[in-house]
Structure formats: structure tokens, C-alpha cells
Amino acid sequence: MALNVFDHDEYRPPVWKSYLYQLQQEAPHPRRLTCTCEVDNRPKYYGREYHGMISREDADQWLSQAEGSYLIRESQRQPGTYTLALRFGNQTRNFRLYHDGKHFVGEKRFESIHDLVTDGLITLYIETKAAEYIAKMTINPIYEHVGYTTLNQEPTLKKHLPQSPDAPDGPVPPKDDRQAEERLTALVRRATLRESDLAPKYEKVHNFKVHTFRGPHWCEYCANFMWGLIAQGVKCADCGLNVHKQCSKVVPNDCQPDLRHVKKVYSCDLTTLVKAHNTKRPMVVDMCIQEIEARGLQSEGLYRISGFSELIEDVKLAFDRDGEKADISSNAYEDLNIIAGALKLYFRELPIPLITYDAYPHFIETGKIADAEKRLESLHEALKLLPPAHCETLRYLMAHLKRVTEYEKENLMSSENLGIVFGPTLMRAPGLDAMTALNDIRYQRLVVETLIKNEDVLF
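Sequence positions are assigned chain by chain, starting from 1 and proceeding in written order. Totals for whole chains, interfaces and linings use all residues, but because this is a predicted model, local features are given only for residues with pLDDT of at least 70 and pairs of side-chain atoms are given and counted only at 80 or more. Hydrogen atoms and water are omitted, and side-chain values are computed over all heavy atoms in the structure.

**Thoughts on the overall build of the protein chain**
Then step 1. By the criteria applied, helices consist of DSSP H or I runs no shorter than four residues and strands consist of E runs no shorter than two, each listed in order from the N terminus. Check the secondary structure of the protein chain and you find 18 helices and eight strands.
Then step 2. Burial analysis of the protein chain (459 residues in total) assigns 49% to the buried set.
Then step 3. Here, residues are in contact when the closest pair of their heavy atoms is within 4.5 Å. Restricting to contacts in the protein chain with at least 6 residues of sequence separation, those with at least 24 account for 65%. Each residue is assigned to one of three classes by its accessible area relative to the maximum for its type, calculated with a 1.4 Å probe on protein chains only: buried under 20%, partly exposed between the two thresholds, exposed over 50%.

Pasting the structure below:
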């Protein structure tokens, strides 16, 4: 059913659905069938549930007494391999069992066989009993009704946490107000964020990672319980959104990174950083360029002469630690080349380059076009392939570099020289052999040079 979670006065939390939680409570419990005799060559990581090389038929007969009973046997068909025999649904199911320091039969890895069997029984029971329900979980999600709003309701957040599983309709409540603030789900945070008229509307995909949730958790997309002992779902590493793995495939690309999850400035995805700080461009780019232009663009060899590497690293650490409060003034760093070096280092350490991997081939092909007018047309089309935050940052940088060239007589930095410096810094292609990468350098230079010369018409 569609959930209307808003009224005109206050945010209303979603109704967490308890059906799958109840099914998990009903799932069969594991019953270890122990071997009463000594078994030769028993692997050290198996216990008394190991019965040696017995047939499927024997295993089936021994396990037929109780639902949830299990044992481990060595395969007769393939000696040296092991099988988990598990009783479920009045039949014995056999799974190839592996061990690499942890036990597993699929993607999930467990510290003990008991945990593996417990999780397996829960999964088998829920997926058997609720197959149709699970297939339709993503229909009518609560997520669509809880978007970014202009509501300012932070003082009321604490009372909107999901309820205790005693009810059983949600996670355990926090112990105090401070914990309540920390334990706010990403869903509730999304619903209470203010929108700024000046805030850029950049699209960002969620950075989902498989996650093990401690205690009962509910999916913040479909509001259903996330079942199992471990790896019950995925969590966005940037905004903290918790969802089922299958729900993650349909969640909109509207991640709003949380500064509690975005720990650094350098080596952070560019779009993630600007959304986390609610800015048009990375603050390190704005601050370094503003500092360089404030001190003057006449410095000879600007961007070509390297600053002292240890001090450049110090600037990086200052941004990672203090963000926009980092002090990069002349009082802290007298040499302007240190600030220029810190800016170049930021671009070099981006996990996805400013000119992205996907767009790289198109920009290189543009650099190969001899006709200047056609190259300009091609470059204009290539720019459309960049994510908005990347394109805006590139525009701002090129406008700055264009101003640098206006002082070429003093700083000796032409657009060609700046292209040589910034080409490999802004453009990187993964997986290229050394010879191809070497050949691409001249095209990288030409692309950046063209961007600088024509920034006023290209952006």
C-alpha cells in the first residue's frame, strides 16, 4: 500500500512492516547430529557434526528425524570435498561446503557451522514462505514518499526512530538523546534536510557495500525486515542508507552524503565531496585558486615549478582534517608553489579523474582532430559526457588557467605549457599499456590547451 508519510505540520515516520520479522522467529532451529565414533582424518575446523565418508542415503535416513538437523560428510564421488547435509521442508538438501578461514556455501562467510546453518534455515524458510511477497517488496516503496524536503524538524527527530522489536516493528530504541541523534536512519535524515536555493542539484549514485547489521534492522526503501544473521543487506558508505540487496538495484541516484561517513577531502569521489559539503565545487579547488589569485598570477613558473613535497602533503592533511577551515594563507605557507602543488595533488588523487574514465576516449579522439573548428565542436559534445559536478569544476579551473595565461609575459606559462602540466593530471585512462599511455600525452596536452583557450565558448 502507498504510505502518505507527510502532513502539513510534521514529518511522520514510515510504518515498518513486521511480516518477515515474524517469519524469521518461526524459522526452524539448527539441530547438530553428532557422530558418536572417532572418524579418521577429520578436518580440524569441523567438530562432532562431521561423519566422514558416508552416503547420501545414510545421511538422509539419519537426518529424517527432525527439521533443521544437519551433519557434514565427505563426498564419496569426490573424496577430499565436503558436503553440508541439511534437513528442511521434509527433505535433505546437500550443499558443497568450503573453508578459507571461514565457512561458506555461497557468498556469505561464517565463523562457525552453527551460524551458517542458522542463517541458511532462516533464508530457506523466509524465501519459501514469502517468495511472492519478496518479489513484490520493491512495489510502492516508502522511499519515494520520504524525499528531501524543506521541513526543518530536527528537534523532533528523536521521537521518529523505529520502535523496539518487542512490538516487532523496528530496531531497538536508543538509550539517550545523544545516541538518538547518532542512530538516526538515513531515511529520517533525508526527510528532514533543508534544501538550499543555491545548493547544486547533482545526481549521485549510492555507494552500497554489503553490511552486517547488529540487531534487527528494516530496509529504508521498502520498510521490510532485513533477515539473516550476517550480510542481511547493503549500506551506502556515503550517506548510510540501509536497504535489501535487491532494493539497492532500484533506489534512485539521489545519495546525499553525510559528513559522518565522508571522512576526508583528498582521494574522495568529487561528487560525493561536493554533495556532502553542499557546494558547487570541492572547497579545496575554490580555496586554492582564490589564494593563488589573491597573491597574484605573475609568479614565474606557476604550476610548473614544484613546491616542497612535505609541505604539499601538509596542506593535504590540513584539508582532510579541517576542511574549509584549513589555513593556506601566506602566514602558513609563504611559497605559492606549495598551494599550486596541493591543487594539482588533489586532482591526481581523485579516484575518478576530473575528466572521467568513461569520457576519456572521447576527449582523446577530440585531441586527434586536426581541424580546429571541428575539434571545438567535438570537445563541446565530449563535455556533455562529464558528471555535472566534474563539468562545473573543470569550467572553474579552465577559467582560472585562462587568467593565468593573461600574465604569460611575467609567469612564462602559456596555454600550451599549462596543457603539458595539467593534461596527465586531469586525464587518466585505466588499463592502458605503457606505449599507448605515452602516445596519449600529446593529445591530453592538446585537449587541455584547447579548453583553456576556448573556455568562454565551451562552457
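**Some thoughts on unusual backbone geometry**
Then step 1. The backbone phi angle of N90 is positive, close to 60°, even though this residue is not glycine.
Then step 2. With respect to the secondary-structure elements, N90 resides in the loop between strand 3 (82-88) and strand 4 (91-99).
Then step 3. Residue classification places N90 among the exposed positions, given a relative accessible area of 67%.
Then step 4. Backbone geometry at L412 places phi at a positive 60°, although glycine is not the residue there.
Then step 5. When you line up the elements, L412 lands in the loop between helix 15 (408-411) and helix 16 (415-426).

**Re the side chain of T92**
Then step 1. On the secondary structure map, T92 appears in strand 4.
Then step 2. Of note is the side chain of T92, whose polar atom sits 2.6 Å from the side chain of D60.
Then step 3. Looking at T92, its side chain comes within polar contact range of the side chain of R87, at 2.9 Å. Whenever a nitrogen or oxygen atom comes within 3.5 Å of another N or O atom, the pair is scored as a polar contact, on the condition that within protein one atom can donate a hydrogen and the other can accept it, and that pairs from neighbouring residues in sequence are kept only if both atoms are in side chains.

**Remarks on the sheet that holds strand 8 (residues 242-243)**
Then step 1. Overall, antiparallel pairing links the three strands, which are arranged 6-7-8 in an open sheet. Lying at the two open borders of the sheet, with one neighbouring strand each, are strand 6 (208-211) and strand 8.
Then step 2. With four bridges joining them, strand 6 and strand 7 (residues 233-236) adopt antiparallel strand pairing. Considered in strand 7, the bridge of V210 is made with V234. Note on pairing: DSSP must find at least two bridges between two strands before they are called paired.

**A look at the pattern of salt bridges**
Pairing is possible between side chains that carry opposite charge, provided their charged atoms lie close to one another.
Then step 1. Throughout this description, the term salt bridge denotes a Lys or Arg side-chain nitrogen within 4 Å of a carboxyl oxygen of Asp or Glu. The final tally for this structure, using the stated rule, is 22 salt bridges.
Then step 2. Ionic pairing is found between E381 and K384, a salt bridge with its closest N-O pair at 3.1 Å.
Then step 3. Through salt bridges with shared partners, a single ionic network connects R281, D286, E392 and R395.

**Some details on the pairing of strand 3**
Then step 1. The buried fraction of strand 3 amounts to seven of the seven residues, a majority that puts the element mostly inside the structure.
Then step 2. Because side chains alternate across strand 3, one face comprises the buried residues Y82, L84, L86 and F88, and the other comprises T83, A85 and R87, equally buried.
Then step 3. As paired strands, strand 2 (residues 69-74) and strand 3 are joined by five bridges and run antiparallel to one another. Looking across to strand 3, one finds that E74 is bridged to Y82.
Then step 4. Where strand 3 lies against strand 4, seven bridges are found, and the strand directions are antiparallel. Note on strand 4: the bridge partner recorded for T83 is R96.

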